[in-house]
Every structure is written in structure tokens, then in C-alpha cells.
Amino acid sequence: MPLTHEPSKSPLRRYHHYIYIIFWALSSSLVLYWAGGLSYLDALLLASGAATQTGLNSIDLNRLHVVQQATLWGVSMVTNVIFVNSLLVVIRLYWFRKRLRGAIHEAKVLCRTQRNKWNQCLSENHPPRGISLERPAEERPLLEAMDGEDRSSEFLTSGRKYGAAGTISPHITFCDSEAEYEIKQHRRSLSEPDSPLQRSCHDLNDIPPLPALMWQSSIASYADWDEAQKEELGGIEYRALKTLFVILVCYFVAFHLLGIVLFMLWVLPNRQYSQVLADAGINRPWWAIFTAGSAFNDLGFTLTPDSMDAFQTAPLPLLVMTFLVVIGNTGFPCMLRFIIWTLSQFTTYGSPLDDELEYLLEHPRRCFTLLFPSAETWRLSAVLLLLNAIDLFIFYTLQETPQANDISPGLRLVNGLFQIASTRTAGFSITSLNTLHPATQVSFVVMMYISAFPIAIAMRKTNVYEEKSLGIFYSDDYDDEKTPHQSDSLAAHVQRQLGFDLWYVILGFFLIAVAEGKRLQDHPADLSFSLFPILFEIVSAYGTVGLSLGYPGTETSLCGEFGGPAKAIIIAMQVRGRHRGLPHALDHAILLPCDLVEADEEGGRPEWWWKGWLRKKGTDLGSLFGGRD
């Protein structure tokens, strides 16, 4: 199969992601609108905020019906970055199964061709008289097993074994009759280097390499294969994808449950905050479920109208939410690799699971768009820590000590960590942002704008060599012609990302300035509705963060004060910002073990590629490569 990329023929492209997000935004907006109490534009703004994990709200959520609240919570679950990328793993497994189905059909045809050539070769060289060359159809394997033959001979290079972690292929054995024994002895002579029979059948060497699955006719169709046989044919990558999917599902469910349980255990016996929720008309178990989901999905919606301002003196929920915010978005690639590495340390060396985990660690981009090599994961972790440290330093040095309530230094640190973690993705606020120092507000604008940069740059930077088969970017074809310094340098990636995003923000800012120009001109003294708060709102929408400077006398985001055209622009900015940094296509190329051998023998891959493709730990998997070191 071709190993080159053909992006134009990829069945999964970026516009499919647009369709997915817009579908959930539109469908959930209808539910919100039909439930009552909202104009359709407000319903669409809330729905698009949930589908893009933005969380800008034009109306207080505690005024919504519980069905509307549950809709926002559910939509944020199915459009979460982790959920969507897990669907891509499912799609890739589907492509694998489709490829397996085709490979089985191709192998069936090739095996029949091989048998016919064998029979023709034997008949031309006069086998013993009275002996039938073929077995009954119901007993013949598709790829004839020749007991006692020299499997190291050049003639039989197409008969390589490949199994799942050291297993051998399923096969059927027969009791040899005297006639059959003579046939096998006659066939064995074909493998002798100086045999005239071998020279007369030299064309059999041209048969492509296939895994030595001793198929019987009764199990030749794809539907008759069990999962173990599919894993054997699919190889290590197919099994690694299945393992990765299980890890992703457990990751998604376990951390949601962890947040819910911790919030439940904290709020149910807590009289002070139970009263806060009761005053706002919020059910405590539902608050725990909604808040855990909103934090992990980086939604930023809260059932309390003042975001998390009422919880300034509650360190436990703030710390739990900070943890969920980080591992649900910016820290997800780092946490995922850490979990895979941890599991690999507790598995038996050389076991199938150990092979699968090791393959994920050694070839992460081959299987998942948000799983990076070790060095890049460490770099990503360092960048995230550095950005948060810079933002925390600015927040602490410029923020005045609150006078209204006595907050200890420890609580101030917790508040600061929570606010900084929320600034780059989630959009929760621990205090009214319009009371912060102007320089702090500017730093928040910068952090919201670059929120997607670290992961987006890591995706582009690791999209090289064999890992390039999964993510396809528009600039890939041009990058291949450049030197490594030109195409892969950090500065080149940053410049590309800055130039790509900036004009969208400027365009949205200009359009809202046009739409709200009359109000801006009529009330020049209204600093809460001026160009900088509008720019803050635009960057928050495009960065899918959800922070807002708000407006005096309201508990909603500033967009609640916008007219219809400006709200529509905010919706468009949210949808467009949700897709920045994504590859424009997902390559559907699937490589089976037999494809790898064939490609290597044809010069399609350098020798180092297949040598590093699979760890060989004393099992017979090495026979896939014909006994090479």
C-alpha cells in the first residue's frame, strides 16, 4: 500500500469537526429554547458556549430550568476535547477493521494463486502416479502448511509467522496417509537450492509477504474470525489502539466520578455552603455533578450567579476544580502519558499489555493526536508551568489585598492558583475581574489568546517521520521541502500560529465595534462598555475561555449587554476558536505487519524504521522480519 499522504482523499477532515460541533450547538439550542425563558439567540449563545467549552453566559444559569442546565452539562461532555479525540480512536479502529477485511480477501486470493502455482509446478514435473495433488475443498487450508520443510529457505520467505505477543497462527493439522507423505517429500525437493523443480518454479518467489496464518476455508471470511485472530493480523498497533481506548474511557469517567464524589463529601455535611446553595435555589447533589463536569470539561458555567466568588474561603472545592481544569485540557497530554507510563511500570515485562503500552510510549503520534513523545511532553509541561508562574506572579504583585474579608496567605495562594488555572481555559472567576489592576487584565488577555498555543505547537512539532501518518496540516507539504531548522524550529511554529489567529480576533473586534458603535459613541463615559472590555470579551470567546469583565448591576458576561448582531459575532468567534490548531485532516492510512515487511523490502521505509517499530523480547515476533536482527 502507498505510504505517502493524500490529504485530499482523507475521509475525515476538519470540516467534519465543524459539523459535529455545530450540530450539537444547534440541537441543544432548540432544547434550551423550547424549555422556555430564553430568546433563541440567547439559547444559541449558551448552547454554542457549551459545545465549544467557552462558557460566556448572557443569562444567569440558576434562572434556567434543570432540563436546560442538564442540556448544557451533557453537551459539554460529548464535545469535550478528550471525548472527541476518543471518537477518533474508535474511527481509526474502524479503519483498521476495514483494512483487515480487505487484507483477508487479498490473502485468500493470493493463497489460492499460490496453491494453483504449486499444483501446476508439481504436475509439470510428474508427481507419483495415482496420487491426487489436492485435498477435498472442505479440508484444504488456504495457505498450505508444509510440515518438515526448511522454513529458513529463501523460497519460503512469504510464509512468516506473526502472532499476538508470541502466539502462533491458528492452523489445522491432518493425519498423513502414505500418498500424502510422498507428495510432501516431492514438495520438499522444491526447497533444495540446486533442484531443477525450484528453478522451474522461481516465479513463486514473487508472491508478496503474508503472515503465516494457516487459514482453513471455513474461517476464510472476516465474519468467521474471532477477536484474537483479528489482533494477530492487525498487529501491535491495532492492539495498542484498543488499549488506548480503554485508558481514555477510564480517564474520562474516573475523573468525573472523582470530582463528583469529592464535592458530595464536602458539601453535604457543610452547613455554611449548603445554605449558600439553598439561597440560590440549587440542589446540592446536582451542584456537585454540574460543577465537576463544568471543571473537567473546561466549560466555566456555574450554577451560582457570581461564579466561584462565594467560595473564596473554601479551599477544597477550589483545589479540586483547579486539578480538574488542568487535567481536562492543557495538562491532558502530560497526564495521559504519565498514566500510560505508570501502567507500563506495573505490567509484566514482555506481556502483551506491556508491548501495547510500550508501543504507545514509543510511537505516540502514530496512535493519538494528543499523545506526544517523552521530550516534547516534558517541554509542554515546562511551558505550562512557566506560563502559569508568570501569570501568578503578575496576579499577586499587582492585586491589592482584599479589605472586606480576612483571607489568610494560604487561602490567597489557593485563590490565585484557581484563578490562574481558570484564566487559560475554564473561565471561572474567584473575584470580580473589573476590580483587578489594568495590567493584570491585560495579562489575562494575553494568556487567553495563547491558551491553545502550547498544545497546537506540540502537535505540529511532533508531526514528523512515521508519526506524520496521523495528523495532516496544510503546511505539511511545504515543510517537507524545507530544512529541519526552517520547518521545525519553535520560532517558525509560533510565528505561524500568531499570524494564523490574529486576523480573526481583529476582524471580530472590528465587526462588534461596528455593531455596537452607536452605544459606544452615545456613552463615552461608560468605561464598563468600552473598547477594552469588548476586546477582552472577543479574545475570551475566540480562546474558548469564558472569562468576562462583566457589567455593573448584572451577574452575566458582558455579551449579555450586546445586541443581536454582536451576539451572533460572539457565537461565530466561539465556533472558530474551538478549531484553531487542529490538523485539517486525519490520515486513514493503516499499516498491517505484512504491509511493513512489503514496504521495507520495496525500499518504502528505511531499515531503522521497522527495527524500532516493535520491541522484541525473546518472542517469535521477530520472525515477522525474516530472522533479521
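Reading the values: rules and limits
Counting restarts for each chain, with residues numbered from 1 along the sequence as it is written. Since the coordinates come from a predicted model, pLDDT governs what is reported: local features require at least 70, and pairs of side-chain atoms require 80 or more to be given and counted, while whole-chain, interface and lining totals use all residues. Side-chain metrics in this entry use all non-hydrogen atoms of the structure; hydrogen atoms and water are not considered. By definition, any uninterrupted DSSP run of H or I lasting at least four residues is a helix, any uninterrupted run of E lasting at least two residues is a strand, and each is numbered from the N terminus. Only protein chains enter the calculation, and the probe is 1.4 Å; a residue is then buried if its accessible area is under 20% of its type maximum, exposed if over 50%, and partly exposed in between. A contact between two residues is defined here by any heavy atoms of the two lying within 4.5 Å. Each accessible area value is a Shrake-Rupley result obtained with a 1.4 Å probe; residue values ignore everything except the protein chains displayed when judging cover. UniProt positions are given in the numbering used here, feature names are shortened, and annotations may be inferred rather than shown by experiment. Think of it this way: a Phe, Tyr or Trp ring, Trp meaning its six-membered ring, pairs with another when their centres are within 6.5 Å, and the plane angle makes it stacked under 30 degrees, edge-to-face over 60, tilted otherwise. Put simply, a charge is over a ring when the Lys NZ or the Arg CZ is close to the ring centre, within 6 Å, and near the line of the ring normal, within 35 degrees. As used in this record, nonpolar core signifies buried Ala, Val, Leu, Ile, Met, Phe, Trp, Tyr and Cys residues forming a set joined through side-chain atoms within 4.5 Å. For helices, the axis comes from a line fit to the C-alpha atoms of the stretch in contact; other axes are also lines fit to C-alpha atoms, and the angle between any two N-to-C directions lies between 0 and 180 degrees. Note on terminology: angles under 35 degrees are roughly parallel, angles over 145 are roughly antiparallel, angles of 65 to 115 are roughly perpendicular, and the others are oblique. Definitions for this section: a left-handed crossing has its near helix turned counterclockwise from the far helix by less than a right angle. A right-handed crossing has that turn clockwise. Amino acids outside the nonpolar list (Ala, Val, Leu, Ile, Met, Phe, Trp, Tyr, Cys, Pro) and the charged list (Asp, Glu, Lys, Arg) are all regarded as polar, and Gly is one of them. One speaks of a salt bridge when a side-chain nitrogen belonging to Lys or Arg is within 4 Å of a carboxyl oxygen belonging to Asp or Glu.

Helix and strand counts for the protein come out as 25 helices and five strands. Expressed as a percentage of the 629 residues in the protein, the buried residues total 54%. Sequence separation of 24 or more characterises 77% of the internal contacts of the protein that already satisfy a separation of 6 or more. Of the accessible surface of the protein, which amounts to about 27700 Å², a share of 62% is contributed by carbon and sulfur atoms.

What follows is about the UniProt feature "transmembrane region" (unreviewed entry) in the protein. Taken from the UniProt record, the annotation "transmembrane region" (unreviewed entry) applies to residues 18-36, 70-95, 244-266, 316-340, 378-398, 442-459, 498-515 and 527-549. In residues 316-340, helix accounts for 84% and strand for 0%; the two terminal C-alpha atoms are 28 Å from one another. Across residues 527-549, helical content stands at 52% and strand content at 0%; the span's end C-alpha atoms are separated by 11 Å.

A few words now on the packing of aromatic side chains. Here the structure, examined in full by the defined rule, presents 29 aromatic pairs. Aromatic pair Trp287 and Phe311: ring centres 5.5 Å apart, planes at 15 degrees, arrangement stacked. Taken together, the residues Trp287 in helix 9 (residues 284-296) and Phe311 in the loop between helix 9 and helix 10 (315-327) connect sequence positions 24 residues apart. An identical accessibility class is assigned to Trp287 and Phe311; each is buried. In this structure an aromatic cluster arises from ring pairing among Phe83, Tyr251, Phe252, Phe255, Phe296, Phe323, Phe332 and Phe368. Above the plane of the ring of Tyr504 lies Arg576, whose end atom (NZ or CZ) is 4.3 Å from the centre.

Looking at where Thr243 falls in the secondary structure, it is placed in helix 7 (residues 227-267). Excluding anything up to four places from it in sequence, Thr243 contacts Leu353, Glu356 and Leu357.

Counting 84 residues, the largest nonpolar core has Leu46, Trp287, Ile340 and Phe368 as the members making the most contacts within it. Top element by residues in this core is helix 7. It accounts for 15 residues. In this structure Trp287 touches Phe263, Trp266, Val267, Leu277, Ile282, Leu303 and Phe311, once residues within four positions along its chain are discounted. Listed in part, the 39 residues of the second largest apolar core include Leu436, Tyr449, Ile534 and Ala541.

Okay, the packing of helix 1 (residues 14-34) against helix 2 (residues 40-51) next. Packing of helix 1 against helix 2 leaves a shortest axis separation of 8 Å and a crossing angle of 135 degrees. Here helix 1 lies oblique to helix 2, going by the angle between them. Considering how the two elements wind past one another, helix 1 and helix 2 form a crossing that is right-handed. Only Tyr40, Ala43, Leu44, Leu46, Ala47, Ser48 and Ala51 of helix 2 make contact with helix 1, whose side of the interface consists of Ile21, Ala25, Leu26, Ser28, Ser29, Leu30, Leu32 and Tyr33. Residues of the contact of helix 1 with helix 2, tallied by class, amount to twelve nonpolar, three polar and no charged.

Here the focus is the pattern of salt bridges. Per the counting criterion, the structure on display carries seven salt bridges. Close ionic contact of Asp42 with Lys567 constitutes a salt bridge, the shortest N to O distance being 2.7 Å. Here the residue Asp42 occupies a position in helix 2, and Lys567 occupies one in helix 23 (residues 564-577), the gap between them amounting to 525 residues. Given the relative accessible area of 9%, Lys567 is considered buried. Across the salt bridge formed by Glu237 and Arg366, the nearest N and O atoms sit 3.1 Å from each other.

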